[in-house]
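Each chain, written out:
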Amino acid sequence: MWRGMSASSELLATMAVIAAGAMLGRLQIHGIRLDVAAMLLLGVGVAHFGVTLSPALGLFGLLLFLYTVGVRSGPALRNMDRRDFQLAAVGFGIILVAMGGVVSLGRLLGVPLLVSLGSYAGFFGSGAALALLEGAAGGGGASAAFAVSAPIGAVFIMVLVQIWLALSQKRITGELDEWNRTMAAEQEHSESATLLVEQDEVLGQSLRDLRLGCQVLWVTRDKTSIAASADTVLMKNDVIHVSGSREGVENTIKRVGRGIPPLPASSAQIVVRKFFVSNPRAIEKRLEDLLLRERYGATVTRIRRAGINLRAHHGFRFRWGDRIQVSVPADRIDDLRQLFGDDAHGLKTFAFPRAALVIFVGGLLGALPIQLGAAGSLRLGPALGVLVVSLITSALHRTGPMVWSQSGPTTRLMSQIGLPLFLAQIGNESYTGLVQSWDEYGSILFVLAVAPILFVALLVVLAGRLFRYGPLTVLSLLPTVAMNTPALINLQDKFREKIPSHVYATVYPVVALGLLLVMFGLSFWV
């Protein structure tokens, strides 16, 4: 009775499936839930009754989701140092070797390559990888394996992390103690003071000429605060605010005058602002070295990198693309904008037109034939084209007046719109192939769903022993390589140290993008 549905009916059916899938996905059983995989399963379910979902919305959802993947990953890839590259390379190597194991197992079981790869994509819950496979071959075999593997992979990884955590608790405590000792050894203690300028020998001289043994943050003169620079000249009864080592502060007091109680805090209204770190003055600088509280009366309350929250702690170094939330007096906002770069509020403006432009250019790139000589030519396709353009533009951040980066909340919102649209439609479209695959392979699909979990867990343990990673680093690597964000966030909540977050921010972008590139290459063979 549903055949020949109009475009408006398909649109309404798509919205209904997504709404119902969202409610189903949030149901928890012993702390475990299906999340967005529920929308794929419901898309399959309604297809059984002849309901067709909107293909146009499905394609739009895919391209919008891939745009957000590039926006999140571009800054993280730009920031990696040598140690980060090693950790990321280990993560990428794990997914390659595990993929080889799954494909080999599939061949032994007589399963086509497309079905094995679909099961592997389901282990990661990577709708983008599924799109590349279905776009190359179609038929629903990959989607059938994906639908079975996605919930099994998500559940097993979360359970395995909890068991692993319980067994490794004592060794993890030892790693954290060592980490805290290292941080304490690196910590440089500094003091601050407020001084009244009285000594005649410093009057009329610039800070450059005085060469004081500590840093002058600002000068208060006639109840007006001015930023200190090397050319600032000291005058009688100036009040200077300094920071440095205890010895440096004490020597400065002797040379300048005497210490006095701190002046009353600024009466300016305290506001909360978000900034996108893009200024070289702040990049790779330690939090304490920027003297935010002393100079601007500002406090960093939140840091987000590569889609995960980090804790502001002593020794934390800012990286390009970090999104930080700061409480600051309203009259010092412009000063912080000059220090860090763009105000994140500005990233929200022009958000969807910016995404539309990237998707349009990516679609054009995907349609261009790439000549391979005698082998003919190939096209990237709209999915990979959008991903490539999004990666490049987000890594550039700005070209002239055009800012390509998005705010974190805007990116998450677009992702939450795009992925359900795609999964619901691809599940609906793959129903026929799923039925055929289930009739042909049956329980073999469950074997292929469990295999990646075992392969990845074993390889993570071997990598930890080979490279001598600590137990918490190894444990953090498991949900990161599996791209299981809920399991990783659970670890982060238990351990406030930076180890789980650092592993995620370093490895996740490489694994996510590497998986797509490998799937794209293999799609020509299926």
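Only a predicted model underlies this, so the values are computations on that prediction, with no experimental measurement involved.

### Remarks on the overall build of the chain
- Along the chain, the regular secondary structure elements total 21 helices and 14 strands.
- Here the chain, with 526 residues, has 52% of them falling under the buried criterion.
- Residue pairs in contact within the chain that sit at least 24 positions apart in sequence constitute 79% of those at least 6 positions apart.
- Just so you have it, the chain exposes about 24700 Å², and 60% of that area is on carbon and sulfur atoms.

### What to know about the packing of aromatic side chains
- Scanning the model with the defined rule gives eight aromatic pairs in all.
- Judged by centre distance (5.4 Å) and plane angle (80°), the ring pair of phenylalanine 316 and phenylalanine 318 falls under edge-to-face. Phenylalanine 318 shares its class with phenylalanine 316; the two are buried.
- Given the relative accessible area of 0%, phenylalanine 318 is considered buried.

### A closer look at the side chain of threonine 220
- Within the fold, threonine 220 resides in strand E2 (residues 215-221).
- Within the local environment of threonine 220, its side chain forms a polar contact with the side chain of histidine 241, the two groups lying 3.1 Å apart.

### Some thoughts on helix H15 (residues 381-396)
- The terminal C-alpha atoms of H15 lie 23 Å apart, and with 16 residues this matches the ideal 22 Å at 1.5 Å per residue to within 8%.
- Within H15 the residues assigned to the buried category are Gly381, Ala383, Leu384, Gly385, Val386, Leu387, Val389, Ser390, Leu391, Thr393 and Ser394.
- Positioned one or two residues after H15, histidine 397 has a phi angle of 70°, which is positive.

### Structural notes on the confidence of the model for the chain
- Of all residues in the chain, 82% have pLDDT values of 70 or greater, and the mean over the chain is 79.
- Looking over the chain, one finds the lowest element-wise mean pLDDT in helix H13 (residues 344-348), namely 61, and the highest in helix H18 (residues 444-467), namely 91.

### Describing the packing of helix H4 (residues 82-108) against H18
- Between H4 and H18, the shortest axis-to-axis distance is 9 Å and the interhelical angle comes to 145°. Of the two elements, H4 crosses H18, and the hand of that crossing is right-handed. Contacts between H4 and H18 pair Gln86, Val90, Ile94, Val97, Ala98, Gly101, Val102, Leu105 and Gly106 from the former with Val447, Leu448, Ala451, Pro452, Phe455, Val456, Leu459, Val460, Ala463 and Phe467 from the latter.
- For the contact of H4 with H18, a count of residues per class yields 16 nonpolar, three polar and no charged.

### Concerning the nonpolar core
- The biggest cluster of nonpolar side chains holds 95 residues, and the ones touching the most others in it are Ile94, Tyr120, Leu477, Leu515 and Met519.
- Here the element with the most residues in this core is helix H7 (residues 141-167); it accounts for 12 residues.
- Contacts of methionine 519, omitting those with residues within four sequence positions, involve Met99, Leu117, Tyr120, Ala121, Ala129, Leu132 and Leu133.
- Of all hydrophobic cores here, the second largest spans 24 residues; its members include Val271, Phe276, Leu290 and Leu292.

### Structural notes on the pattern of salt bridges
- Taken as a whole and judged by the stated rule, the model has seven salt bridges.
- Across the pair aspartate 238 and arginine 221 runs a salt bridge, and its minimum N-O distance is 2.7 Å. Of this pair, aspartate 238 sits in the loop between strand E3 (224-227) and strand E4 (239-244) while arginine 221 sits in strand E2, placing them 17 residues apart in sequence.
- Exposure remark for arginine 221: the relative accessible area of 23% places this residue in the partly exposed category.
- Linked by salt bridges that have partners in common, Arg286, Glu288 and Asp289 make up one network.

### Looking at a nonpolar patch on the surface
- Side chains of Phe60, Phe352, Leu413 and Ile417 sit close together on the surface and give an oily, nonpolar patch of about 360 Å² of accessible area.
- Overall, the relative accessible area of 40% leaves isoleucine 417 in the partly exposed class.

### Points about the packing of helix H5 (residues 113-124) against H18
- The contact between H5 and H18 brings their axes to 9 Å, and the two run at 55°. Considered as vectors, H5 and H18 are oriented oblique to each other. Crossing of H5 against H18: the hand is right-handed. Contact residues: H5 offers Val115, Ser116, Ser119, Tyr120 and Phe123, while H18 offers Leu445, Leu448, Ala449, Pro452, Ile453 and Val456.
- Here the residues of the contact of H5 with H18 are counted per class, giving nine nonpolar, two polar and no charged.

### Things to note about the environment of tryptophan 164
- Looking at the element boundaries, tryptophan 164 is found in helix H7.
- Between the alpha carbons of tryptophan 164 and leucine 472 there is a distance of 10.0 Å; along the sequence they are 308 residues apart.
- Once you skip the residues sitting within four places of it in the chain, tryptophan 164 turns out to touch Ala457, Val460, Val461, Val474, Leu475 and Leu478.

### Concerning helix H1 (residues 7-25)
- Over its 19 residues, H1 extends 26 Å from the first C-alpha to the last, a length consistent with the 27 Å expected when each residue adds 1.5 Å.
- Of the positions making up H1, those classed as buried are Glu10, Ala13, Thr14, Val17, Ile18, Gly21 and Gly25. The buried residues of H1 occupy an angular sector of 135° when projected down its axis, which confines them to one face. Facing away from the buried side of H1, by more than 90 degrees, are the exposed residues Leu12 and Met23.

### Here we look at the environment of proline 471
- Structurally, proline 471 is set in helix H19 (residues 471-481).
- Residue proline 471 is classed as buried on the basis of its relative accessible area of 12%.
- Spatially, the C-alpha atoms of proline 471 and glycine 174 are 9.0 Å apart, while their sequence positions differ by 297 residues.

Rules behind the numbers
- Residues numbered from 1 in each chain as written.
- Predicted model: local features only at pLDDT ≥ 70, side-chain atom pairs only at ≥ 80, totals over all residues.
- Heavy atoms only, no water.
- Helix = DSSP H or I, 4+ residues; strand = E, 2+ residues; numbered from the N terminus.
- Buried < 20%, exposed > 50% of the residue type's maximum accessible area, 1.4 Å probe, protein only.
- Contact = heavy atoms within 4.5 Å.
- Areas by Shrake-Rupley, 256 points an atom, 1.4 Å probe, with all protein chains shown as cover.
- Phe/Tyr/Trp six-rings, centres within 6.5 Å; stacked < 30°, edge-to-face > 60°.
- Polar contact = N/O pair within 3.5 Å; in protein donor to acceptor, adjacent residues only side chain to side chain.
- Expected span 1.5 Å × (residues − 1).
- pLDDT = per-residue confidence, 0-100.
- Axes fitted to C-alpha atoms, helices over the stretch in contact; angles between N-to-C directions.
- Left-handed = near helix turned anticlockwise from the far one by under 90°.
- Nonpolar A, V, L, I, M, F, W, Y, C, P; charged D, E, K, R; others polar.
- Core = buried A, V, L, I, M, F, W, Y, C linked by side-chain atoms within 4.5 Å.
- Salt bridge = Lys/Arg side-chain N within 4 Å of Asp/Glu carboxyl O.
- Patch = residues over 30% accessible without salt bridge, like charges linked within 9 Å, V, L, I, M, F, W, Y side chains within 5 Å.
- Parallel < 35°, antiparallel > 145°, perpendicular 65-115°, else oblique.
- Arc of directions from axis to C-beta.

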